[in-house]
Amino acid sequence: MKTVKLVLLSIASLMLMAGCFAMESERSEEVDNGNQEPIIVESGSDETISRLEEKIQEKNEEIKVLEELNRQYAAFLESSMEQMDEEELKSLARLKHRYTLIINGEVHEDGQVVTLPEGPVEVKIRSEMLLDINLPQKMESAGTLTGNVDEHISFREVDPEEMVVTDGTHVQAFIYTFSKEKPLERVTIYLSDELKSHLGLDGNEIEINIVK
């Protein structure tokens, strides 16, 4: 647990540093745009060229500092990860990625039997990227499914009448619809071990019973 807390602290620091750099960048832009005299570019002006070259040099130095900080943080994360077991690694990686099972608009977190009234049944697997930061590849792999969501879910008794995939910048969803055209009494969802683990569920099967 100490290792996990240590790495969590490093990620929090990364996010804090990223926020500070963004704020600093905004302040720099405000200074450049509002508090300094505009640079008047005149053709053949040695003074203007010299001032522009100085600014380019300043920005290049800032980039070097940021690159070095990123390198140090990456090395720190890699070193910390070597001390983590598989479960700790997964727990940390899932702070960035989250998978959710939603049945008829309700998040399903426990239990293996669901009872629904008659009507269309919608089963949705939603994946979200919660943090927009880069992690080491080993950690990224631990936080995401192997392949597509569709490869980790199947259904018994009946096939979906409709399957839709929505894909946004940070959220993707696989939506399966049943009993939209034909009456249905039962459908069983079967999840792979990998998806079950990402969803935090105890069992691989979820039975949906439709009450008429």
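Coordinates for the structure precede this section.
This is a predicted model, so every value here is computed, not measured. (Residues numbered from 1 in each chain as written. Predicted model: local features only at pLDDT ≥ 70, side-chain atom pairs only at ≥ 80, totals over all residues. Heavy atoms only, no water.)

(A) Spatial organisation of the sheet that holds strand 7 (residues 171-178). Ordered in space as 2-1-4-7-6, the five strands form an open sheet in which the pairing is antiparallel. What marks the edges here is a single partner per strand, and that holds for strand 2 (106-107) and strand 6 (162-167). Of the pairings in the sheet, the one linking strand 6 to strand 7 comprises six bridges and is antiparallel in character. Bridged to Glu162 within strand 7 is Thr177. (Pairing = 2+ DSSP bridges. Helix = DSSP H or I, 4+ residues; strand = E, 2+ residues; numbered from the N terminus.)

(B) The arrangement of the sheet that holds strand 9 (residues 205-211) in detail. Taken in spatial order, the four strands of this open sheet run 3-9-8-5, and their pairing is mixed. For this open sheet the edge positions go to strand 3 (113-117) and strand 5 (153-156), each flanked by a neighbour on one side alone. Direction aside, neighbouring strands of the sheet carry axes that sit 25 degrees apart on average. Sheet topology places strand 3 next to strand 9; five bridges connect them, and they run parallel. Of the residues in strand 9, the one forming a bridge with Val114 is Ile208. (Axes fitted to C-alpha atoms, helices over the stretch in contact; angles between N-to-C directions.)

(C) Broad picture of the nonpolar core. With 25 residues, the main nonpolar core has Val123, Ile153, Ile189 and Ile208 as its most contacted residues. Contributing elements (two or more residues each) for this core: strand 1 (97-103), strand 3, strand 4 (121-129), strand 5, strand 7, strand 8 (186-191), helix 5 (193-199) and strand 9. If sequence neighbours within four positions are ignored, Ile189 has contacts with Ile103, Val123, Ile153, Ser154, Phe155, Asn204, Glu205, Ile206 and Ile208. The next biggest cluster of nonpolar side chains, apart from the first, holds nine residues, and it includes Met84, Ala93, Leu135 and Met139. (Core = buried A, V, L, I, M, F, W, Y, C linked by side-chain atoms within 4.5 Å. Buried < 20%, exposed > 50% of the residue type's maximum accessible area, 1.4 Å probe, protein only. Contact = heavy atoms within 4.5 Å.)

(D) Molecular detail of the environment of Asp193. Locating Asp193 in the fold gives a position in helix 5. With 41 residues separating them along the chain, Asp193 and His152 place their C-alpha atoms 8.3 Å apart. A distance of 2.8 Å separates a polar atom in the side chain of Asp193 from a polar atom in the side chain of Asn204. (Polar contact = N/O pair within 3.5 Å; in protein donor to acceptor, adjacent residues only side chain to side chain.)

(E) Highlighting the pairing of strand 1. Across the seven residues of strand 1, six count as buried, placing the element largely inside the fold. Two strands pair when backbone bridges link them, and strand 1 and strand 2 are joined in this way by two bridges, in the antiparallel orientation. Looking at the pairing, Ile103 lines up with Glu106 of strand 2. Hairpin connection, strand 1 to strand 2: the antiparallel pair is bridged by two residues, and Asn104 has positive phi, about 50 degrees.

(F) Quick look at unusual backbone geometry. You will see that Asn104, though not glycine, has its phi angle at about 50 degrees, which is positive. With respect to the helices and strands, Asn104 occurs in the loop between strand 1 and strand 2. The residue Ser179 is not glycine, and still its phi comes out positive at about 55 degrees. Secondary-structure assignment places Ser179 in the loop between strand 7 and strand 8. Taking relative accessible area as the criterion, Ser179 reaches 10% and is therefore assigned buried.

(G) How the structure looks around the packing of aromatic side chains. This model, assessed by the stated rule, comprises two aromatic pairs. An aromatic cluster is built from Phe155, Tyr176 and Phe178, whose rings are joined through pairwise contacts. (Phe/Tyr/Trp six-rings, centres within 6.5 Å; stacked < 30°, edge-to-face > 60°.)

(H) View of the side chain of Glu128. Note on placement: Glu128 falls in strand 4. Residue classification places Glu128 among the buried residues on the basis of a relative accessible area of 14%. Polar contacts involving the side chain of Glu128 include one to the side chain of Arg126, which spans 3.4 Å. Glu128 has contacts with Lys96, His97, Arg98, Thr100, His170 and Val171, leaving out every residue within four places of it along the chain.

(I) Structural context of helix 2 (residues 46-81). Compared with an ideal rise of 1.5 Å per residue, which puts 36 residues at 52 Å, helix 2 spans 53 Å between its outermost C-alpha atoms and is within 8% of the ideal. Taken together, the buried positions of helix 2 are occupied by Thr48, Leu77, Ser80 and Met81. (Expected span 1.5 Å × (residues − 1).)

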